[in-house]
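Secondary and tertiary structure notes
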Amino acid sequence: MTSTISPAQLDHTAERLRKAFNTGRTRPLAWRREQLKGLRSMLIEREEDFLAALATDLGKPRLEAWVTEIGFTINEINLTLKNLKRWTKPKRVSTPMFIKPGSGRVIREPLGTVLVIAPWNYPLQLALAPLIGALAAGNTVALKPSEISSATSNTIARLVPQYVDAEAVSIVEGGVSETQNLLQQKWDYIFYTGNGAVGRQVMAAAAQHLTPVTLELGGKSPAIIDKSANLEVAGRRLAWGKFLNSGQTCIAPDYALVDKSVKDELVKYIQASITDFYGSDPSTSPDYARIINDRHFGRLTALIDSGSVLIGGQHDGSTRFIAPTVLDGISGDSAVMQEEIFGPILPLITVDSSDEAIAFINERDKPLALYVFAQDDKVIDRVLDQTSSGGVCVNGVILQVAAPNLPFGGVGESGMGNYHGRASFDIFTHAKPVLRRGTRPDPALAYPPYTKKKEKMIRRFS
């Protein structure tokens, strides 16, 4: 895959975008709104192009693709358009007596020129959502879609320049070499979504220029199934969240810590839900996605041997199909527990209590998401109080990402920084403090010589 700009231009992408930013074209509120409306028009008018690309890359069902990629992004644009004037308005702050006459306020200004590196699993949403925040804040942007989801990358590169200011937004297609080229350049901010290994490379490159970063990574997001849980609901919601996009979701429940007294019943409800969703043979279902490529298919099928298969386990390399699979007999040392699964395999680990589940989680890296199914409020409160994660959903999965006023992001190994809604605008802006002072009066109290009388008064009013 080649870049949509020439190699010579690629070497100076940040410089070209910075020149555009320095003209001031991106600062007016009208320009920002025009870009957001352009993205919205693109998603509406070219919906079929994007749905076709998502089906090619991941076998995404139409409704699933629309909800999680197109509809999600349109909602993010609408929220931003509705609130942008308020978000950009300077905020007055109080000033202490010894600074008067003077007034303080905080001005939100764009950072400048930013780089967004997107992943392949939700290749449209996870490219455009940070782009929305960057444009709303008045920045110029280089957007690097994932080469792994090549059909969607091609469609983004083809369509975005038709709907936004092409002098202020560059779409850079390509692979590792193009990404490395971009990371060698100086940016005012870098936003990366992907795995932790590449996240470390991004952070190391950013450190060369002291560039701030947001890293949206991932990790093994656990689900706790307490004995007080509504098991029918828990089974249905676990099955939906785990097998959505064939498990290729960064906040999918990666594994389940299940009270041993309810495990068998939970498995029964998961199986019933899989049949309800995808029929008796999910390989024939039009509503079940496929694995992105052969490399990930091979990695995932090898993990099935980590335990006893309770549900599923079937797979077909010719179509990159892996059935919704549930594994039993899993421990913390099992192969399937050593890395984020990122596929339709749900390991079950039995525990004697929610306290044991909490201890298991706290012995490991902090996850991007944590899920707890319980009807006992004391159990829920203990989980919230005694664990750390990027976000939590109680008696549900994944939908915390769809609440626009909840910031989304990781902690520790699962990432740093957050976005969505107001948080997206905030990360791409600098909160500039401004103190404005009058020239009269200009009391001598603050100036030398420092007499005892002055000291007494300054101490009193400071």
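Everything in this summary refers to the structure shown in the same document.

**A short note on the overall build of the protein chain**
Summing up its helical and strand segments, the protein chain has 16 helices and 20 strands in all. Taken over the C-alpha atoms alone, the protein chain extends approximately 85 × 55 × 35 Å along its principal axes. Within the span of the protein chain, comprising 462 residues, buried residues form 54% of the whole. Of all intrachain contacts in the protein chain linking residues separated by at least 6 positions in sequence, the fraction that spans at least 24 positions is 72%. Looking at the protein chain as shown, the accessible area adds up to about 20,600 Å², and 52% of this sits on carbon and sulfur atoms. Taking the average place of the 52 positive charges on the side chains of the protein chain and the average place of its 48 negative ones, the gap between the two points comes to 17 Å.

**Side note on the side chain of Thr73**
Tracing the sequence through the fold places Thr73 in helix α5 (residues 62–88). One polar contact links the side chain of Thr73 to the main-chain carbonyl oxygen of Glu69, over a distance of 2.5 Å. Those residues in contact with Thr73 that sit more than four places away from it in its chain are Leu43, Gln125, Leu128 and Ile132.

**Topic: the sheet that holds strand β2 (residues 102–110)**
Spatially, the three strands line up as an open sheet ordered β1-β2-β20, and their pairing is antiparallel. Each edge of the open sheet is held by one strand with a lone partner, namely β1 (91–93) and β20 (429–437). Within this sheet the neighbouring strands show an average axis-to-axis angle of 30 degrees, counted without direction. Bridging between β1 and β2 involves three bridges; their strand directions are antiparallel. Within β2, the residue paired with Lys91 across the bridge is Val106.

**Quick notes on the nonpolar core**
Counting residues in hydrophobic clusters, the biggest one holds 87 residues, and the most contacted among them are Met42, Leu43, Ile225, Ile251, Ile270 and Tyr371. Considering each element in turn, this core owes the most residues, nine residues, to helix α6 (residues 125–136). Apart from residues lying up to four places away in sequence, Leu43 is in contact with Phe50, Ile70, Thr73, Ile74, Ile77, Leu124 and Leu128. Formed by 27 residues, the second largest nonpolar core is a distinct cluster that contains Phe297, Ile349, Leu370 and Ala374.

**Digging into the environment of Ile330**
By the element assignment, Ile330 lies in the loop between β13 (325–328) and β14 (345–351). Residues Ile330 and Asp57, spaced 273 residues apart in sequence, show a C-alpha to C-alpha distance of 32 Å. Once you skip the residues sitting within four places of it in the chain, Ile330 turns out to touch Ser306, Gly307, Val336, Met337, Pro347, Leu348 and Ile349.

**Topic: the packing of aromatic side chains**
Counted by the stated rule, this structure contains ten aromatic pairs. Look at Tyr288 and Phe321: their rings are 5.8 Å apart centre to centre, the planes differ by 70 degrees, and that puts the pair in the edge-to-face class. In this pair, Tyr288 is assigned in the loop between α11 (263–278) and α12 (294–303) and Phe321 in strand β12 (residues 321–322), connecting sequence segments 33 residues apart. In this arrangement the basic side chain of Lys268 is found over the ring face of Tyr269, its NZ or CZ atom lying 4.9 Å from the centre. Above the face of the Phe360 ring, Arg364 is positioned so that its terminal group lies 3.6 Å from the ring centre.

**A closer look at the pattern of salt bridges**
Here the structure, examined in full by the defined rule, presents 20 salt bridges. Note that Lys220 is salt-bridged to Asp254, the shortest N-O span being 2.5 Å. Residue Lys220 is located in the loop between β7 (213–216) and β8 (222–225), and its partner Asp254 is located in the loop between α10 (231–243) and β9 (255–259); the two are separated by 34 residues in the primary sequence. Of the two residues examined, Lys220 and Asp254, each falls in the buried class. Arg382 serves as the salt-bridge partner of Asp355, at 3.1 Å between the closest nitrogen and oxygen. Residue Asp355 is located in helix α13 (residues 354–362), and its partner Arg382 is located in helix α14 (residues 377–386); the two are separated by 27 residues in the primary sequence. What makes Asp355 partly exposed here is its relative accessible area of 40%.

**Remarks on the side chain of Lys220**
Given the relative accessible area of 16%, Lys220 is considered buried. At 2.5 Å, the side chain of Lys220 forms a polar contact with the side chain of Asp254. Of the polar contacts made by the side chain of Lys220, one reaches the backbone oxygen of Val336; its length is 3.0 Å.

**A short note on the packing of helix α3 (residues 29–45) against α6**
α6 packs onto α3 with a crossing angle of 160 degrees between their chain directions and a minimal axis gap of 8 Å. Here α3 lies roughly antiparallel to α6, going by the angle between them. For α3 against α6, the interelement crossing comes out left-handed. Of α6, the residues touching α3 (which contributes Trp31, Arg32, Gln35, Leu36, Leu39, Met42 and Leu43) are Leu128, Leu131, Ile132, Leu135 and Ala136. Here the contact of α3 with α6 is built from residues that sort into ten nonpolar, one polar and one charged.

**What to know about the environment of Lys19**
Relative to the elements of secondary structure, Lys19 occurs in helix α2 (residues 13–22). Linking Lys19 and Ala168, residues 149 residues apart in sequence, is a C-alpha distance of 9.3 Å.

**Some words on unusual backbone geometry**
Following Lys100, the chain continues into Pro101 via a peptide bond in cis, with omega recorded as 5 degrees. With respect to the helices and strands, the residue Pro101 is situated in the loop between β1 and β2. Note the cis peptide between Arg440 and Pro441, where omega equals 0 degrees. Residue placement: Pro441 occurs in the loop between β20 and α16 (452–461). The backbone of Ser246 sits at a positive phi, close to 55 degrees, despite the residue not being glycine. Its identity as a non-glycine residue notwithstanding, Phe342 has a phi of 55 degrees, on the positive side. With respect to the helices and strands, the residue Phe342 is situated in the loop between β13 and β14.

Thresholds, definitions, all that
Residues numbered from 1 in each chain as written. Predicted model: local features only at pLDDT ≥ 70, side-chain atom pairs only at ≥ 80, totals over all residues. Heavy atoms only, no water. Helix = DSSP H or I, 4+ residues; strand = E, 2+ residues; numbered from the N terminus. Buried < 20%, exposed > 50% of the residue type's maximum accessible area, 1.4 Å probe, protein only. Contact = heavy atoms within 4.5 Å. Areas by Shrake-Rupley, 256 points an atom, 1.4 Å probe, with all protein chains shown as cover. Lys, Arg positive; Asp, Glu negative; His and termini not counted. Charge placed at Lys NZ, Arg CZ, Asp CG, Glu CD. Polar contact = N/O pair within 3.5 Å; in protein donor to acceptor, adjacent residues only side chain to side chain. Pairing = 2+ DSSP bridges. Axes fitted to C-alpha atoms, helices over the stretch in contact; angles between N-to-C directions. Core = buried A, V, L, I, M, F, W, Y, C linked by side-chain atoms within 4.5 Å. Phe/Tyr/Trp six-rings, centres within 6.5 Å; stacked < 30°, edge-to-face > 60°. Lys NZ or Arg CZ within 6 Å of the ring centre and 35° of its normal. Salt bridge = Lys/Arg side-chain N within 4 Å of Asp/Glu carboxyl O. Parallel < 35°, antiparallel > 145°, perpendicular 65-115°, else oblique. Left-handed = near helix turned anticlockwise from the far one by under 90°. Nonpolar A, V, L, I, M, F, W, Y, C, P; charged D, E, K, R; others polar.

Taken by themselves, the reported measurements are silent on function.
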